[in-house]
Structures are given as structure tokens and as C-alpha cells.
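Chain and residue survey
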Amino acid sequence: MKKVIFSLLTVMAAGFFTINAQAQTTSALKVGVFNPDAIVARLPEYKDVQKKIEAFEKDSLGPRRDAIEYQYNRADSSYKADSAAKKSKQVLDYSNQQRQQYAYQLINWSQIVQNAERQKYAELANPLYEKVNKVFLEEVKAQKIPLVLKPDAITYVDDKVIV
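None of these values were measured; they are calculated from a predicted model.

Calculation notes
Counting of residues starts from 1 at the beginning of each chain's written sequence and follows it residue by residue. Predicted model: local features are reported for residues with pLDDT of at least 70 only, side-chain atom pairs are reported and counted for 80 or more only, and whole-chain, interface and lining totals are derived from all residues. Water and hydrogen atoms were dropped before computing side-chain values, which therefore reflect all heavy atoms in the structure. The helix count covers DSSP runs of H or I at least four residues long, the strand count covers runs of E at least two residues long, and both are numbered beginning at the N terminus. Working definition: with a 1.4 Å probe on protein chains only, accessible area under 20% of the residue-type maximum means buried, over 50% means exposed, and in between means partly exposed. Think of a salt bridge as a Lys or Arg side-chain nitrogen and an Asp or Glu carboxyl oxygen that are within 4 Å of each other. We call a set of buried Ala, Val, Leu, Ile, Met, Phe, Trp, Tyr and Cys residues a nonpolar core when their side-chain atoms join them within 4.5 Å. Ring pairs are drawn from Phe, Tyr and Trp, using the six-membered ring of Trp, whenever the two centres fall within 6.5 Å, and their geometry is named by plane angle: stacked under 30 degrees, edge-to-face over 60, tilted for the rest.

One can find Ser95 in helix α4 (residues 89–107). Judged by its relative accessible area of 7%, Ser95 is buried.

Okay, structure coming up:
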């Protein structure tokens, strides 16, 4: 395990791209480009995170959706029965409000799933990001790189600069 982590750290260190940018009167500025997501995705522990998220989807989110669908059907039947029985407006409004609440959850289910998965991913992957960040900071200090950017932060590079 330590050999795998060490080899990944070596790849990460080699993956730093430094650009020497000359200012008018200052010395060269080292700029690094680093993508922590790419490093975390290559860690062996990341597969466990993916498996746990898939299990979370199957074991938690699936039954939750089934329960909401069941509650919607129950609320819909109740609303239709109350409407057919010509119950008071207050009862109909309450039944309709509950039905709409469940319908809203079903309509926006994909967003609910995305939020739940994102939250679970953050919870499970946080230790991996902490480990990568610790090594990253050590490497930045060792190479004395004062500026590190993420790849998506770079919008333009002069074609005269070799990256």
C-alpha cells in the first residue's frame, strides 16, 4: 500500500508543470498546475468510495423513492376519495397540498439524488482529499512553488510559453 501511495506521489510530483514567467525586474515565478480530483481518482482507496456510493444509491435512495411514490399514490387516492365524497374545501386543500408535495419530490427526484450523492461523496472522499492535500503542500514547499492553479483556472497561455 505504501509503495502504491509513494508511486502516486512520485507521479504527482512529476505532474507539476512549472512555467517560468519573467516579470520586468523580478526573478522567475514558478507556477504549478495541479488537479487534486485526478490524483484522488487514481488512488486505490477511491474504488471503495465508488462501491460505497453505488451501495448508497441501491440501499438508501431506491427505497426512499419507492416510499415517496407510495405516499404520493396514497395521497392521490385520498384526494380523489375526498373529492368524490364532496368533503369540505379545507380537507380537499390539505389532501391536495400533500399530494403536490409528494409530486414535487418525484418530479425533482434526479436533483434530490444528485444532492444526496454529492453529499455522500464529500463525506466518503474527504479523507482521500486530505491525504492528497497534505502531500501536495509538502511538494509545493519542497519545490518552492508560490502559485498553483487548477487546470480549469487557466484560460489562456501565450503560444511562446512552453508548458
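Still more to cover.
Quick look at the pattern of salt bridges now. Where charged atoms of side chains with opposite charge meet at close range, the side chains can pair. Per the stated rule, a full pass over the model turns up 7 salt bridges. Close ionic contact of Asp82 with Lys87 constitutes a salt bridge, the shortest N to O distance being 3.7 Å. The class of Asp82 is buried, set by a relative accessible area of 10%. Note that Lys120 is salt-bridged to Glu123, the shortest N-O span being 3.6 Å. Note that Lys120 and Glu123 are positioned in helix α5 (residues 109–143) at a spacing of 3 residues, about one turn of the helix.

Looking now at the nonpolar core. Counting 14 residues, the largest nonpolar core has Phe34, Val40, Val49, Leu128 and Val132 as its most contacted members. Taken together, the elements giving at least two residues each to this core come down to α2 (36–42), α3 (45–84) and α5. Of all the elements, α5 adds the most residues to this core, at 6 residues. Listed in part, the 9 residues of the second largest apolar core include Tyr102, Leu106, Trp109 and Val113.

We now examine the packing of aromatic side chains. Inspection of every chain in the model, using the stated rule, returns 2 aromatic pairs. Both rings, one in Phe34 and one in Phe136, keep their centres 4.3 Å apart while their planes meet at 15 degrees; by these two values the pair is stacked. Of the two residues, Phe34 sits in the loop between β2 (29–33) and α2 while Phe136 sits in helix α5, which places them 102 residues apart along the sequence. Of the two residues examined, Phe34 and Phe136, each falls in the buried class. Seen from their ring centres, Tyr46 and Tyr121 are 6.4 Å apart, and the 80 degrees between their planes marks the pair as edge-to-face. Of this pair, Tyr46 sits in helix α3 while Tyr121 sits in helix α5, and the two are 75 residues apart along the sequence. By relative accessible area, which is 16% here, Tyr46 ends up buried.

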